[in-house]
Structures are given as C-alpha cells and as structure tokens.
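# Remarks on the overall topology
Residues per chain, in single letters:
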Amino acid sequence: MTTPTPPPRLSALHVYPVKSAGGVPLSRATVEPWGLAGDRRWMLVDAAGKFVTQREQPRLALARAESLPHGGLLLHAPGQDPLVVDVPTPGVTAPVTIWRDKVEAVTAGVEAGAWFGAYLGREVALVHLDDPARRRPVDPNFGRPGETVSFADGFPLLLTTQASLDALNALIAEGDHAEEGPVPMNRFRPNAVLTGTEAWAEDTWRRIRIGEVEFRVAKPCGRCVVTTTDQRTAERGKEPLRSLARHRRIGAGLVFGQNVVPLGTGTLRVGDALFIME
C-alpha cells in the first residue's frame, strides 16, 4: 500500500513591527484584512515624510522591534540602549509617503525619532498607522476594490517556499558568486514560509488555504537590493539578485515569493496544512 504524501505545511511565521527593521518569529498569528496583526504598523520617515527603508539604510536590518502587550514597542539596536515606545495618542496626524501613496499617520514622539536618528546618523521620525480606516489600497494593478495594506510595500502578506529557496541556492552555487551562498530565507523577509512543495510551485497558485484562512495569490514579488543585505551583519553582496536576474526575471522584475491577499480573517499556526484551491 502506498503511503499518502503529507500535505505541505506552514513552517514559519514572521512579522516586522517596524517596516524594514528586523523580523520577529511567531508560532501563531492573527490574519487581519490588511495583513498579520502587528506587521508593519510602524515606519521611519525622513524630514519630508518619505519612508526610510533598508534600501538606503542597510543597518536597519540590525534593529529589532518587539511588540509589547499594550501595543507599544521595545526597540533594540547595536550601540543603543533599549527604548520602550508607547502607542502615540490618537489625534493630530501628518501625511507620510510610501512609494506613490500618501497616508495619514501619527508621530511616535521626539525620543523615538532621536533614538533611530542616533543609530542611523540621519534625521528620521517614527510614525504609527493608528486608524484602520486610513490603510492604503493594495497595488491597483493587481488589487481588487476594498483590498487594503498597512505599511508593507504593496500587499498584505508575502509567502515563500523552502523548496524554491533550495532551488535558488543551487543556482547561486553554479554562478559567479557561489561563495555568497547559500542565502537564508530571512533575506526575503517573508510573513509565511511553506515546506513540502515542489520548487516554484507557488507560481501556479491562484487561491490557497493555509489552516483556516483562504488567500488570493495576487502576483510574484519583485525583489530589490534588500535581498543582498546580510540580515545579521548589514553587509551587502551580489546574490541573490545575480542569480534571480539570470533565472527568475519577469519583464523588468526579478521575482521570488508571492504576494497574497487574505480572503477572510482567522489564525495561522506553524504546522498548518496548505491546500491548493485554484
């Protein structure tokens, strides 16, 4: 008798409380319409209100933000004393810019901005997206009416698979910068990681269910220089972008992982089974 093949499973969950700072692993997470609870509700902006990320500040990889029970943050970074940041009192907001979008956010206070400013060596402010009514629409080229996102780049969740990472690392090993591999999954900063799939199987999915929550698979995730940043040291190399450029190019984009949109709410748990609905 043939032993049934076990279904793919959710092997890891991560949230990034402050956009572009270090991630926090979870064993379970609540799925909200705009993403995982606690994911990217805080963001750094410059003096003009424009978002600041690892693209121009790779040392953000070494900063950590732990969500506290009251909704605030505990911040850590090399050379900095830990800092507790309370959720700012709702009230006066200011427009901030993320890509082409403007959204109203509340400034977290002078102390938090000074803490990050001292660490990064530039003037920044920490802002909080306090009101769900002010969330941004999902990328209009791939979104549907009513779909929203917090401070994530364009979609509520990013999903990756271990099999695809293994395949990519095999390509890196064959390339001109093999010494930079294998790259770990944290280079891609996913929310959900699946094991037990075939490599690149996620390219064919349109609708999936993980545990009790269904998702629409919106589009492959275009990758940038952040993937070349070692999340432990903030040093940059050439991979995985060199190998993605050779083997995973769609139009002008280099892709790895899938952007997904929740079709409902619920709870994800590490170990949940994956079901391909469409």
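That block above? That's the structure.
Notes on the structure in this doc start here.

## Overview of the overall build of the protein
On a plain count of helices and strands, the protein comes out with three helices and 22 strands. A compact globule built from 278 residues would reach a C-alpha radius of gyration of about 19 Å, and the protein, at 19 Å, matches this within 12%. For the protein, restricting intrachain contacts to residue pairs at least 6 apart in sequence, the fraction spanning at least 24 positions comes to 69%. Put simply, the protein shows about 12,700 Å² of open surface, and 53% of that area lies on carbon and sulfur atoms. Positive and negative charge centroids in the protein, built from 32 and 31 side chains respectively, lie 3 Å apart.

## What to know about the packing of aromatic side chains
In this structure the tally under the stated criterion is four aromatic pairs. Seen from their ring centres, Trp 200 and Phe 256 are 6.0 Å apart, and the 90° between their planes marks the pair as edge-to-face. Of this pair, Trp 200 sits in the loop between strand 16 (192-195) and strand 17 (207-210) while Phe 256 sits in strand 20 (residues 253-262), placing them 56 residues apart in sequence. Through successive ring pairs, a cluster of aromatic residues spans Phe 188, Trp 200 and Phe 256. Sitting above the plane of the Phe 142 ring, Lys 219 keeps its charged end 5.3 Å from the centroid. Across from the ring centre of Trp 200, 4.0 Å away, lies the NZ or CZ of Arg 248, which sits over that ring.

## Points about the side chain of Glu 147
Following the sequence through the fold, Glu 147 ends up in the loop between strand 13 (136-137) and strand 14 (148-149). Engagement of the side chain of Glu 147 in a polar contact is seen with the backbone nitrogen of Arg 144, the distance being 2.9 Å. Apart from residues no more than four positions distant in its own chain, Glu 147 is found in contact with Arg 136, Pro 137, Val 138, Arg 216 and Val 261.

## Observations concerning the nonpolar core
By size, the foremost hydrophobic cluster in this structure holds 21 residues, and its most contacted members are Leu 44, Leu 73, Leu 75, Val 85, Phe 116 and Leu 126. Counting residues per element, the ones that place at least two in this core are strand 5 (42-45), strand 8 (73-77), strand 9 (80-85) and helix 1 (110-120). The leading source of residues in this core is helix 1, at five residues. Every residue in contact with Leu 73, bar those within four places of it in the chain, is listed here: Pro 17, Val 18, Trp 42, Ala 65, Glu 66, Ser 67, Leu 68, Leu 83, Val 84, Val 85 and Leu 126. Within the second largest apolar cluster, 20 residues are counted, among which are Leu 10, Ala 201, Ile 208 and Val 213.

## Overview of the sheet that holds strand 6 (residues 51-52)
For sheets, the rule is that strands pair by backbone hydrogen bonds, running either parallel or antiparallel. Strand order in the open sheet formed by five strands is 6-5-12-11-10, with antiparallel pairing between adjacent strands. Of all strands in the sheet, those with a lone pairing partner are strand 6 and strand 10 (94-98), marking the two edges. Relative to strand 12 (residues 125-128), strand 5 runs antiparallel, the two sharing four bridges. When the sheet's bridge partners are listed, Trp 42 is paired in strand 12 with His 128. Each of strand 5 and strand 12 is contacted by helix 1, which is oriented at about 130° to strand 12, the strand it contacts most.

## Digging into helix 2 (residues 162-173)
The first and last C-alpha atoms of helix 2 sit 16 Å apart over 12 residues, in line with the 16 Å expected at 1.5 Å per residue. What helix 2 keeps buried is the set Ala 163, Ser 164, Leu 165, Leu 168, Asn 169, Leu 171 and Ile 172. Summarising the contacts, the buried residues of helix 2 are in contact with strand 15 (157-161), helix 3 (241-247) and strand 20.

## Here we look at the pattern of salt bridges
Throughout the structure, instances matching the rule amount to 11 salt bridges. Here Glu 147 ties to Arg 216 by a salt bridge, and the two come within 2.7 Å at their closest N and O atoms. Of this pair, Glu 147 sits in the loop between strand 13 and strand 14 while Arg 216 sits in strand 18 (residues 213-222), and the two are 69 residues apart along the sequence. The exposure classification of Glu 147 matches that of Arg 216, with both residues buried. Each of the salt bridges in this network shares a partner with another, and the network as a whole consists of Lys 19, Arg 55 and Asp 153.

Criteria and thresholds
Residues numbered from 1 in each chain as written. Predicted model: local features only at pLDDT ≥ 70, side-chain atom pairs only at ≥ 80, totals over all residues. Heavy atoms only, no water. Helix = DSSP H or I, 4+ residues; strand = E, 2+ residues; numbered from the N terminus. Rg over C-alpha atoms; globule rule 2.2 N^0.38 Å. Contact = heavy atoms within 4.5 Å. Areas by Shrake-Rupley, 256 points an atom, 1.4 Å probe, with all protein chains shown as cover. Lys, Arg positive; Asp, Glu negative; His and termini not counted. Charge placed at Lys NZ, Arg CZ, Asp CG, Glu CD. Phe/Tyr/Trp six-rings, centres within 6.5 Å; stacked < 30°, edge-to-face > 60°. Lys NZ or Arg CZ within 6 Å of the ring centre and 35° of its normal. Polar contact = N/O pair within 3.5 Å; in protein donor to acceptor, adjacent residues only side chain to side chain. Core = buried A, V, L, I, M, F, W, Y, C linked by side-chain atoms within 4.5 Å. Buried < 20%, exposed > 50% of the residue type's maximum accessible area, 1.4 Å probe, protein only. Pairing = 2+ DSSP bridges. Axes fitted to C-alpha atoms, helices over the stretch in contact; angles between N-to-C directions. Expected span 1.5 Å × (residues − 1). Salt bridge = Lys/Arg side-chain N within 4 Å of Asp/Glu carboxyl O.

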